[in-house]
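# Descriptive analysis of the structure
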Amino acid sequence: MSKNKNSLIIDTTNHAAKGGLLNRRLFLSSAIATTAALATTRAAHSQEIVGEGQDDWTLYPGSDALEYSNRSRFEVDSVKRLIPNDSQEFLDLRLTKYVARTPLDHLLGTITPNGLHFERSHQGIPDIDPDKHFLVIHGKVKNPLKFDISALENYPTVSRNYYMECSGNSAVLFDETPTDQSLQEIHGLLSGSEWTGVLLSTLLDECGISPDAKWIIAEGADNGMMTRSIPLDKALDDAMIAIRQNGERIRPSQGYPMRLLNPGFEGNTSVKWLRSIYLSDRPVMSVQETAKYTDMMPDDKALQFTLEQDVKSIITRPSSAMSLKKKGVYEITGLAWSGKGKIARVEVSVDGGNTWADTALEGPIHSKMLTRFRIPWMWEGSSAILQSRAIDEFGRRQPSRKELLDARGTNGIYHYHAIHSWDVAPNGEIKHVYA
Ligand SMILES: Nc1nc2c(c(=O)[nH]1)N[C@H]1C(S)=C(S)[C@@H](COP(=O)(O)O)O[C@H]1N2
Ligand SMILES: [Mo]
């Protein structure tokens, strides 16, 4: 047995990269669980926990069951942030001013609780009676059909884990000066769920697709009638009409009673409160795919229909929402995702990108879903720059900020997916920087 328990950490064979990054398997081994240094960041000894000064909840009977249960009243910090936008553009377009962001720093695992799913509803959330709502599939089909919610539930359903990300997520990072916004404000237009519904291919099969159909045009039943054109290939691949999210009926803010879900595509294409799918030989060129949601290039031309999202990752802990109180071993953890498929690898650097170490990925790894990565880090109390970079199963690698801006310039606002940097100061404070 080891004479000095700390030797395990200090032993250079366990160092995976410069700056104190340790082998990703260390947390899994029982050896590290007994390591003294860990006590600095892990729970105190159990006798101290059961000690005096605690209210004794065993003395009184608890409250009774509810028909629909709530989370603990102490969970006040884990809330969406409503970030108002009062700009003239928003007023002119009658856009609702709030964009609600997921508290990524409060979450572990990969599923976002329904009440914390990020939310963007351009013209507000309609109050739809499911008995009066239906979906029509028409246009270039042999057999136009109409489906209400109970008809949909009679088809074979699938349940799959997918992330959803607004293409405007992280857009503030196109700015020249680094923002002082938090993790939630910068990256919170991102969530992950188990979605249950009917594959669109099943319904299209029933309608019979005309040979000259190339696009589907999806329309919502909200005040703005959100309309997007999606290539037929996607509709026949993994697009689904989602009716449930994490087991319960999707919520009004997520498109109750049914929404289109295009896994791995920019969030805007997943039309909520879906009421019509029209098959066409061409895209409809709606405002959402001409004036909006196009990628401005440095030469002032714009790329259109850049629907599939790229590979991306972010460190959620430690992050701007906290500061490191003392030296010791911390777990660096975060999320990685790719609009094309599965995450193959995530690396972390704590020295500003000079050296990188492989992280442990938590399985099962789902295609087009958030994947959690983690790696232990021995923080010695000096300044550090924390970064993560993801690679997907097709070898697509997350670019540096410089690589992204060299290719795309700074005229755009969508699809920012470069490596993100957190600066850790010697006093333990954490803020966003460009590195
Ligand atoms: N009908 C309709 N669908 C919509 C929207 C909308 O305003 N109306 N917003 C879109 C945008 S911009 C995004 S990012 C996603 C957000 O989905 P969520 O609110 O469920 O997170 O829905 C998309 N679908
Ligand atoms: Mo969006």
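Above this text you will find the structure in question.
As a starting point, this report considers the structure included with it. Treat the numbers as computed from the prediction; the structure is a model and nothing was measured.

Looking only at helices and strands, the chain features nine helices and 25 strands. Taken over C-alpha atoms, the radius of gyration comes to 24 Å for the chain, in line with the 22 Å a tight globule of 435 residues would show. For the chain, with 435 residues in total, the buried portion stands at 50%. Here the chain has roughly 21200 Å² of accessible surface; of this, 51% comes from carbon and sulfur atoms. In the chain, 49 side chains carry a positive charge and 54 a negative one; their mean positions are 3 Å apart.

Below, the discussion takes up the site of ligand 1. Close to ligand 1 lie 20 residues; F118, H122, D222, R259 and K272 are nearest. With respect to ligand 1, the side chain of Q254 contributes an N or O atom lying 2.9 Å from an oxygen atom. The contact in question runs from an oxygen atom of ligand 1 to an N or O atom on the side chain of K272, over 2.6 Å. Starting from 540 Å² of accessible surface for ligand 1 in isolation, the protein chains cover 100%. The cavity where ligand 1 resides is the largest cavity.

Time to look at the sheet that holds strand 20 (residues 357–358). With respect to topology, five strands assemble into an open sheet ordered 20-19-23-24-25, the strand pairing being antiparallel. Two strands in the sheet have a free side with no partner beyond their single neighbour: strand 20 and strand 25 (430–433). Bridge count between strand 19 (residues 343–349) and strand 23 (residues 384–392): six bridges; the pairing is antiparallel. By the bridge assignment, E347 is partnered in strand 23 with R389.

It is possible for side chains of opposite charge to pair when their charged atoms get near one another. Throughout the structure, instances matching the rule amount to 27 salt bridges. The salt bridge involving R251 is made with E248; its shortest N-O contact spans 2.8 Å. Where R396 meets E308, a salt bridge forms, and the shortest distance between an N and an O atom there is 3.7 Å. Here R396, found in the loop between strand 23 and helix 9 (401–408), pairs with E308, found in the loop between strand 16 (302–303) and strand 17 (311–317); they are 88 residues apart in sequence, far enough to count as distant. Through salt bridges with shared partners, one network takes in E308, D310, K340, D392 and R396.

Below, the discussion takes up the sheet that holds strand 10 (residues 227–231). Sheet strands associate in pairs through backbone hydrogen bonding, adopting either a parallel or an antiparallel arrangement. Strand order in the open sheet made by the five strands is 6-5-14-9-10, with mixed pairing throughout. Two strands close off the open sheet at either side, each with one partner strand: strand 6 (145–148) and strand 10. Sheet twist, expressed as the average angle between the axes of neighbouring strands with direction ignored, equals 20 degrees. Two elements, strand 9 (residues 215–220) and strand 10, share five bridges in a ladder whose sense is antiparallel. The residue of strand 10 that forms the bridge with E219 is T227.

Quick notes on the rules
In this convention, every chain numbers its residues from 1, walking through the sequence in written order. In the order they appear in the text, chains get letters beginning with A and ligands get numbers beginning with 1. Confidence filtering applies because this is a predicted model: local features only for residues at pLDDT of at least 70, side-chain atom pairs given and counted only at 80 or more, and all residues used for totals across whole chains, interfaces and linings. Based on all heavy atoms of the structure, the side-chain values leave hydrogens and waters out of the count. Each helix corresponds to a stretch of at least 4 residues labelled H or I by DSSP, and each strand to a stretch of at least 2 residues labelled E; elements are numbered beginning at the N terminus. Radius of gyration: C-alpha atoms only; globule rule: 2.2 Å multiplied by the number of residues to the exponent 0.38. Each residue is placed in one exposure class: buried if its accessible area under a 1.4 Å probe, protein chains only, is under 20% of its type's maximum, exposed if it is over 50%, and partly exposed if it falls in between. What sets the accessible areas is the Shrake-Rupley method with a 1.4 Å probe; for residues, cover comes only from the shown protein chains. Residues scored as positive are Lys and Arg, those scored as negative are Asp and Glu, and His as well as the terminal groups of each chain are ignored. In plain terms, the charge of a residue is placed at NZ if it is Lys, CZ if Arg, CG if Asp and CD if Glu. One heavy atom within 4 Å of a molecule or strand is enough for the residue carrying it to be called near that molecule or strand. As used in this structure description, the phrase polar contact means that two N or O atoms lie within 3.5 Å; if the pair is within protein, one of them must be able to donate a hydrogen and the other to accept it, and residues adjacent in sequence are counted only when both atoms belong to side chains. Both cavities and pockets are sets of points on a 1 Å grid over the protein atoms alone; in a cavity a 1.4 Å probe fits but cannot get out, in a pocket the set is open with protein on both sides within 12 Å along at least five of seven lines, and lining residues sit with an atom within 4 Å of a point. Criterion for pocket placement: a molecule counts as inside a cavity or pocket if more than half of its atoms are within 2 Å of its grid points. Any two strands between which DSSP finds at least two bridges are classified as paired. Basic side-chain nitrogens of Lys or Arg form a salt bridge, by our definition, when they fall within 4 Å of a carboxyl oxygen of Asp or Glu. What counts as an axis is a line fitted to C-alpha atoms, over the stretch in contact for a helix, and the angles between N-to-C directions run from 0 to 180 degrees.

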